[in-house]
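Overview (structure and organization)
Spelled out, the chains give:
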Amino acid sequence: MSASVLNTSVNSKSPEFEKNARRIVDLLTRIKNEEEQIRQGGGAKAIESQHKKGRLTARERIAKLIDPGSQFFELGIYAAYEMYEEWGGAPSAGTVTGLAKVCGRTFMIIANDATVKAGAFFPMTAKKVIRAQNIAIENKIPTIYLVDSAGVFLPLQEDVFPDTDDFGRVFRNNAVMSAMGIPQITAIMGMCVAGGAYLPVMCDHILMTDGSGLFLAGPALVQAAIGQKTSAEDLGGAKMHAQISGTVDFREPDDDACITRIRALVDKIGAPNPSPFSHVKPREPLFSAEEIYGIFSSDPGKQYDMREIIARIVDAGEFEEYRAESGETLLCGYSRIGGWAVGIVANQKKHVQTLARGSDQKRMEFGGVIYTESAEKAARFILDCNQNRIPLIFLHDVNGFMVGKDAEWSGIIRAGAKMVNAVANSVVPKITVICGGSFGAGNYAMCGKAYDPRFMFAWPTARFAVMSGDAAASTLVEIKLKQLEREGKKVDEKQKKELYDSVRATYEHQTDPRYAAARLWVDAIIDPAHTRDALVWALEAAALNPEIREFKTGVLQT
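In this report, the structure presented in the accompanying data block is examined. Fair warning: this is a prediction, and the values are worked out from it, not measured in the lab. (Residues numbered from 1 in each chain as written. Predicted model: local features only at pLDDT ≥ 70, side-chain atom pairs only at ≥ 80, totals over all residues. Heavy atoms only, no water.)

A word on the overall build of the protein chain
Helices and strands together make up the secondary structure of the protein chain, namely 20 helices and 20 strands. What you see for the protein chain is a C-alpha radius of gyration of 26 Å, in line with the 24 Å of a compact globule of 558 residues. In terms of principal-axis extent, the alpha carbons of the protein chain reach across some 85 × 70 × 50 Å. The buried share of the protein chain, taken over its 558 residues, is 53%. Residue pairs in contact within the protein chain that sit at least 24 positions apart in sequence constitute 74% of those at least 6 positions apart. When the accessible surface of the protein chain is split by element, carbon and sulfur atoms take 52% of a total near 24800 Å². Within the protein chain, one finds 65 positive and 68 negative side-chain charges whose respective centroids are separated by 2 Å. (Helix = DSSP H or I, 4+ residues; strand = E, 2+ residues; numbered from the N terminus. Rg over C-alpha atoms; globule rule 2.2 N^0.38 Å. Buried < 20%, exposed > 50% of the residue type's maximum accessible area, 1.4 Å probe, protein only. Contact = heavy atoms within 4.5 Å. Areas by Shrake-Rupley, 256 points an atom, 1.4 Å probe, with all protein chains shown as cover. Lys, Arg positive; Asp, Glu negative; His and termini not counted. Charge placed at Lys NZ, Arg CZ, Asp CG, Glu CD.)

Dropping the structure here:
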């Protein structure tokens with residue numbers, strides 16, 4: 001074997017391997033069960049009501065729309081999770097978004113789920129649709145909208161209507177996408193009212209099924225506003241818009257016919273521009289992806305070799321490691337995933353014995369911590385990937401940057417700033433996977449949400465916040481105790497423990513990946529064994545945008 005092929009020393013029979021695997025399988029089981037519940041939308045009665053109207057549900061429509069035998073790569077399924085409970089909840093924010101193949105082409109699909117509050121827009125619904133549109137804009141992904149919505153959820157209108165990431169931004173994005181030449185097809189397959197009526201009319205093709213309604217104001221509002229009495233069909237039915245207003249391009253009798261027409265239109269769309277990124281025939285990884293379950297440890301005190309994870313994601317186990325003997329708590333190297341060339345930046349969780357900078361004294365560097373040499377190496381590697389048009393993959397399990405006198409004297413802040421600068425100004429696609437911890441400035445340097453990754457995924461074991469639960473709980477409890485002391489109150493050990501446990505539980509809940517996914521801080525919680533599949537979807541989508549702007553970093557702290 002050549003030096004670029006990763007080997008493995010995993011013992012799948014060890015107690016530690018089996019313990020790790022059990023933990024991840026338990027987490028995955030819980031998440032898959034929750035996702036299945038979320039997919040029920042508004043529940044059996046709401047689904048039955050949709051069927052009685054002669055309409056399919058959002059997920060049934062998507063299943064018929066995408067290529068037979070292909071997968072729907074759903075994004076944002078956990079949106080609004082544990083939110084809006086005072087209104088009965090809004091599973092998946094009442095809309096379904098994701099990537100799929102339609103006539104062999106990659107599309108973004110955005111479908112209102114009319115079983116959830118008649119498809120009304122909650123605050124997170126608008127944000128979820130906008131996130132899907134932003135992904136389409138960044139990657140120039142053609143988009144299909146399946147519209148079936150009652151409009152804004154009025155009790156929460158103040159959080160849906162006015163801001164830059166609210167309802168109006170959806171239509172703004174329609175216009176921007178059209179100007180960019182990103183194909184957009186809309187099918188009105190139910191209600192489309194009020195401001196929401198602009199969405200389909202700002203797209204390239206408009207389809208509408210009989211029995212659907214498209215109007216700025218429904219019959220009741222029209223009567224209240226101007227005293228005019230009219231039926232929904234006369235006011236804004238499919239026949240009226242096809243024959244009189246001339247607003248819709250295709251009038252279809254039902255959902256099935258509408259979906260057939262969409263596929264016929266997609267089949268005629270011109271080919272995308274060639275990708276600027278290197279792609280060859282894919283090769284399978286050397287080792288089983290399921291072994292990731294046993295290799296990865298979510299225990300902050302335990303070590304594992306991130307190379308073992310990489311070996312189960314990349315093509316043929318090939319990893320051209322960059323500066324392998326320097327800054328060893330960050331792994332950098334070139335690989336292929338699904339045939340696509342990538343640069344990988346990954347936190348190494350093994351402790352490393354090395355020489356202190358500028359001396360011959362040995363020192364121990366802790367896994368998951370970014371040291372000065374690590375940050376400088378990663379910054380330089382990121383510059384290389386931008387120079388050579390290589391997309392970047394970030395694999396997180398990071399505690400943060402090293403602290404202390406030695407770190408400060410070595411210029412850790414300067415090195416960290418250099419890495420953050422390189423990440424912030426990167427022009428190649430960036431895709432982030434949070435495997436374990438992602439804390440503090442380590443999250444930023446490893447291309448956290450604030451640094452515009454094209455896609456951001458999390459494993460069920462992911463945790464991200466300013467600091468870990470234990471550290472945060474200790475800090476917050478200490479602050480609270482000092483406050484109580486100033487008020488002249490005494491707290492015994494039992495009360496201290498209760499306070500600590502309460503604070504830690506709250507903090508741990510907020511660092512759970514489902515909490516993040518509910519707020520769209522991550523696009524999907526993925527099965528670790530399916531990391532490669534998720535990355536292939538993301539890379540194929542990113543390759544649809546052939547434009548790479550000039551790479552500039554501004555001032556680098558050298």
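A short note on the nonpolar core
Counting 77 residues, the largest nonpolar core has I310 and F457 as the members making the most contacts within it. Discounting residues that sit within four places of it in the chain, F457 has contacts with F73, L75, I431, T432, V433, I434, A524, I526, A534 and A538. (Core = buried A, V, L, I, M, F, W, Y, C linked by side-chain atoms within 4.5 Å.)

A closer look at the side chain of S335
Its location among the elements puts S335 in strand β10 (residues 330-337). On the accessibility criterion, S335 (8% relative accessible area) is buried. Separated by 2.7 Å, the side chain of S335 and the backbone oxygen of E318 make a polar contact. (Polar contact = N/O pair within 3.5 Å; in protein donor to acceptor, adjacent residues only side chain to side chain.)

Observations concerning the packing of aromatic side chains
Geometry of an aromatic ring pair is reported as the spacing of the ring centres plus the angle between the planes. In the structure shown here, the tally under the stated rule is 16 aromatic pairs. On the numbers, 5.8 Å between centres and 70° between planes, the contact of F73 with F457 is edge-to-face. Placement of the pair is F73 in strand β1 (residues 73-75) and F457 in strand β18 (residues 455-458), with a sequence separation of 384 residues. The exposure class assigned to F73 is buried, which follows from its relative accessible area of 13%. Overall, the relative accessible area of 0% leaves F457 in the buried class. Here the aromatic rings of F122 and F153 are separated by 4.2 Å at their centres, their planes lie at 15°, and the arrangement is stacked. Within this pair, whereas F122 is found in the loop between β3 (105-112) and α4 (123-139), its partner F153 is found in the loop between β4 (143-149) and α5 (167-179), the two being separated by 31 residues in sequence. Residue F122 is classed as buried on the basis of its relative accessible area of 0%. Feature note: the residues F73, F455, F457 and W537 constitute an aromatic cluster, connected by ring pairs. A cation over an aromatic ring shows up here: K405 above the ring of W409, its NZ or CZ 5.1 Å from the ring centre. The ring centre of Y515 lies 3.6 Å from the NZ or CZ of R519, which sits over that ring. (Phe/Tyr/Trp six-rings, centres within 6.5 Å; stacked < 30°, edge-to-face > 60°. Lys NZ or Arg CZ within 6 Å of the ring centre and 35° of its normal.)

Focus: the pairing of strand β13 (residues 362-365)
Two strands pair when backbone bridges link them, and strand β12 (residues 352-355) and β13 are joined in this way by 4 bridges, in the antiparallel orientation. Bridge pairing in β13 links T354 to R363. The antiparallel pairing of β12 with β13 creates a hairpin that spans 6 residues between the two strands, and G358 there sits at a positive phi of about 75°. (Pairing = 2+ DSSP bridges.)

Comments concerning the environment of R39
Mapped onto the fold, R39 is located in the loop between α1 (15-38) and α2 (44-52). Between the alpha carbons of R39 and R59 there is a distance of 8.0 Å; along the sequence they are 20 residues apart. Once residues lying within four places of it in the same chain are set aside, the contact partners of R39 are R59, E74 and I77.

Points about a nonpolar patch on the surface
Taken together, the side chains of Y198, M202 and L216 present a nonpolar region at the surface, about 290 Å² in accessible area. Along the chain, Y198 falls in helix α6 (residues 198-201). Classification of Y198 by relative accessible area gives partly exposed; the value is 43%. (Patch = residues over 30% accessible without salt bridge, like charges linked within 9 Å, V, L, I, M, F, W, Y side chains within 5 Å. Salt bridge = Lys/Arg side-chain N within 4 Å of Asp/Glu carboxyl O.)

Considering the state of the cysteines
In this structure the tally under the stated criterion is 0 disulfides. The thiol of C332 is not disulfide-bonded; the next cysteine sulfur, from C385, is found 8.3 Å away. With no disulfide partner, C447 has as its closest neighbouring cysteine sulfur the one in C385, 12 Å distant. Classification of C447 by relative accessible area gives buried; the value is 0%. (Disulfide = S-S within 2.5 Å.)

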